[in-house]
Amino acid sequence: MASLGEQLYTCLIAKERWLLILEGLGNTLLIALGAIILGTLIGGILALMRLSNNWLLRGISYLYITIIRGVPMVLQLMIFYFVILAPIKGMPKMVIAIISFGVNSGAYVCEIFRAGIQSIPVGQTEAGRSLGLNKWQTLGYIVLPQAFKAVIPTYANEFIVLIKETAVAGYIAMRDLTKAADLIRNATFNAWIPLLASAVIYLCLTLGLAKLFGTLERRMARSDRR
Amino acid sequence: MIDVKNLEKNFGGANVLDGITTTIEKGEKVVVIGPSGSGKSTFLRCLNRLEEATGGEIWFEGANICDPKCDIDRLRQKMGMVFQQFNLFPHLTVRQNITLAPVKLGLMDAAQANQKAEELLARIGLSEKADTYPSRLSGGQQQRIAIVRALAMNPDVMLFDEPTSALDPEMVGEVLELMKQLASEGMTMVVVTHEMGFAKEVATRVVFIDGGKIVEENDPQTFFSHPENPRLQDFLSKVL
């Protein structure tokens, strides 16, 4: 049995394996970042549709959420890769991954936004409208800024969940952080060092993110202080 | 100024407003009283269409507010509204609360709105609170700011929906005092309240609503000393 130092060397340093980890980390971050941006856009639009007076828009939004939330993420990723986006030749896997995870995240973000908007007392809307502001002005200047503050914790949670979910990107042969660790495991016949190393990196990402959003939340809470 | 014709409001089969007809003249201070559930708040909220009436007409400055095609946002600029729960915007400072609507609606530029806000705050003795957030203020202060927020729009009429009902007793006075000042300056006011003292002192006309109908209306003197309707007599015997 090799010493811990030797094992670490073999798994992380030798043959520039750390580059593989770094590449995986980069891909994981890129997918998660792209997907949260896309998901936030989709989620915002869906949330407004969900709260609209138009039954068709409400219905579309509801259907979207029901389907997305009812099907496993891995399966959605594979459906996008092998079915829906397959006809578009030469589309980079990264783009496919971002679309898949973004479309998925959008459903969850929509529900977060909807709950946030609905948590703002109706009196706020009435006060805005009674001053002569129209529906969109009231939404933009009064309801959304307050809702935004209210959703930070759950939104942060969605981002953290999303980072971890990207670990299934290996199913479409993307070299994300998890896949990189698995490749090293295969090459070195050492399982625990690469897997543990990637686990630590995921943990650092999610902890850092939680801290970042925690700071944001405290800063936004300024007006609540009594 | 406001002409209400046969106003009806139906909530899931129940007639909350059952044919209300009245005219509010410029400069009038109409105090609306009635038991809870009588429809008095619904009546007030119909006046600026926070509630959609199910029948009848409300004419204000040449437009029928009940007509879905009327420009309700423009009409509301001329109807200030004060709520029981104040409804200040908690994410904005006092100053921003007051200047938001006039600026965003293009009625004033930022400097004008700011000056207006300072004048209004000076008037209610809260100048030093301009840059604090509403959560740091007492209920009475919040409600007075809500009143001047509505005044910043230079409304032609002010609607008050139980403005003192959510206040601690010691803060009721300061809000009523401000409303009395407004009244004495000639503002047209419609006030739903349980403050009978205010009604006696300030109202030009008191309206008693029960069961979604105007049961009795009169000048405050006659209204309180010689109520005719038995339901009003009963109501007054309980609240006075």
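Since the structure is predicted, the reported quantities are computational estimates derived from the model, not experimental observations. (Residues numbered from 1 in each chain as written. Chains lettered and ligands numbered in written order. Predicted model: local features only at pLDDT ≥ 70, side-chain atom pairs only at ≥ 80, totals over all residues. Heavy atoms only, no water.)

Observations regarding the pattern of salt bridges
By the definition in use, this model includes 21 salt bridges over all chains. Across the salt bridge formed by D182(A) and R185(A), the nearest N and O atoms sit 2.9 Å from each other. Here D182(A) and its partner R185(A) are both found in helix 8 (residues 177-188), three residues apart, which amounts to about one turn of the helix. R123(B) is the partner of E185(B) in a salt bridge, and the nearest nitrogen-oxygen pair spans 2.8 Å. Of the two residues, E185(B) sits in the loop between helix 6 (169-184) and strand 8 (188-192) while R123(B) sits in helix 4 (residues 110-123), which places them 62 residues apart along the sequence. What makes E185(B) exposed here is its relative accessible area of 53%. Through salt bridges with shared partners, one network takes in R50(A), R69(A), E111(A) and R114(A). (Salt bridge = Lys/Arg side-chain N within 4 Å of Asp/Glu carboxyl O. Helix = DSSP H or I, 4+ residues; strand = E, 2+ residues; numbered from the N terminus. Buried < 20%, exposed > 50% of the residue type's maximum accessible area, 1.4 Å probe, protein only.)

Some details on the sheet that holds strand 7 (residues 157-161) of chain B
Residues and elements named next belong to chain B. One open sheet accounts for six strands, arranged 6-7-8-3-9-10; its pairing is mixed. With one partner strand each, in any of the chains shown, strand 6 (79-82) and strand 10 (213-218) form the two edges of the open sheet. Strand after strand, the sheet turns through a mean of 20° between neighbouring axes, direction not considered. Pairing of strand 7 with strand 8, which is carried by five bridges, proceeds in the parallel orientation. If you follow L159 over to strand 8, its bridge partner there is V190. Where helix 9 (residues 230-239) meets the sheet, its contacts fall on strand 3 (29-33), strand 9 (205-210) and strand 10, and the angle it forms with strand 9 comes to roughly 105°. (Pairing = 2+ DSSP bridges. Axes fitted to C-alpha atoms, helices over the stretch in contact; angles between N-to-C directions. Contact = heavy atoms within 4.5 Å.)

Quick look at a nonpolar patch on the surface
Residue and element names in this part refer to chain A. There is a patch of nonpolar side chains on the surface, built from L4, L8, W192, L196 and V200 and spanning about 470 Å² of accessible area. Looking at the nonpolar patch, the elements with two or more residues in it are helix 1 (4-13) and helix 9 (192-220). Looking at the nonpolar patch, the element that brings in the most residues is helix 9, giving three residues. Secondary-structure assignment places L196 in helix 9. According to the relative accessible area criterion, L196 is partly exposed, its value standing at 48%. (Patch = residues over 30% accessible without salt bridge, like charges linked within 9 Å, V, L, I, M, F, W, Y side chains within 5 Å. Areas by Shrake-Rupley, 256 points an atom, 1.4 Å probe, with all protein chains shown as cover.)

With respect to the packing of aromatic side chains
Under the counting rule described, the total for this entry stands at six aromatic pairs over all chains. Considering the side-chain rings of Y81(A) and F82(A), the 4.7 Å spacing of their centres and the 80° angle between planes classify their relative orientation as edge-to-face. You can call Y81(A) partly exposed: its relative accessible area is 22%. Ring centres of F159(A) and F213(A) lie 6.4 Å apart, and the angle between their planes is 85°; on these two criteria the pair is classed as edge-to-face. With F159(A) in helix 7 (residues 135-165) and F213(A) in helix 9, this residue pair connects regions lying 54 residues apart in the sequence. There is no split in this pair, since F159(A) and F213(A) are both buried. Three or more aromatic residues joined by ring pairs form one cluster here, namely F113(A), Y155(A), F159(A) and F213(A). The ring of F89(B) has R149(B) lying over it, and the distance from NZ or CZ to the ring centre is 4.3 Å. Lying over the aromatic face of F224(B), K200(B) brings its terminal NZ or CZ to 5.4 Å of the ring centre. (Phe/Tyr/Trp six-rings, centres within 6.5 Å; stacked < 30°, edge-to-face > 60°. Lys NZ or Arg CZ within 6 Å of the ring centre and 35° of its normal.)

Considering the environment of D234(B)
All names here are of chain B. With respect to the helices and strands, D234 occurs in helix 9. Classification of D234 as partly exposed rests on a relative accessible area of 38%. With 169 residues separating them along the chain, D234 and I65 place their C-alpha atoms 34 Å apart.

Some thoughts on the confidence of the model for chain A
On average, chain A scores 91 in pLDDT, and the residues at 70 or more come to 97%. Per-element mean pLDDT across chain A ranges from 76 in helix 1 of chain A up to 96 in helix 6 (residues 122-130) of chain A. (pLDDT = per-residue confidence, 0-100.)

So, the sheet that holds strand 4 (residues 55-60) of chain B
One key point about sheets: their strands pair by backbone hydrogen bonds, in either a parallel or an antiparallel sense. All names here are of chain B. One open sheet holds the four strands; their spatial order is 2-1-4-5, and the pairing between them is antiparallel. Here the strands that pair on one side only, and so sit at the sheet edges, are strand 2 (14-24) and strand 5 (63-64). Where helix 1 (residues 40-47) meets the sheet, its contacts fall on strand 1 (2-11), strand 2 and strand 4, and the angle it forms with strand 1 comes to roughly 120°.

Digging into the interface of chain B and chain A
Counting residues at the interface gives 25 residues for chain B and 22 residues for chain A. Interface area, chain B with chain A, both sides summed: about 2,100 Å², of which 58% is carbon and sulfur. Per-residue buried area on chain B facing chain A is highest for F89(B), H91(B) and S135(B); these three make up 25% of the total on that side. At the boundary of chain B and chain A, one finds two salt bridges. Summed over the shared surface of chain B and chain A, the number is six residue pairs in polar contact (both at pLDDT 80 or more). Among the secondary structure elements, those contributing two or more residues to the side of chain B that touches chain A are helix 2 (72-76), strand 6, helix 3 (94-104) and helix 5 (139-151) of chain B. Residue composition of the side of chain B that touches chain A, grouped by class: 14 nonpolar, five polar and six charged. (Buried area = accessible area lost by both parts, 1.4 Å probe. Polar contact = N/O pair within 3.5 Å; in protein donor to acceptor, adjacent residues only side chain to side chain. Nonpolar A, V, L, I, M, F, W, Y, C, P; charged D, E, K, R; others polar.)

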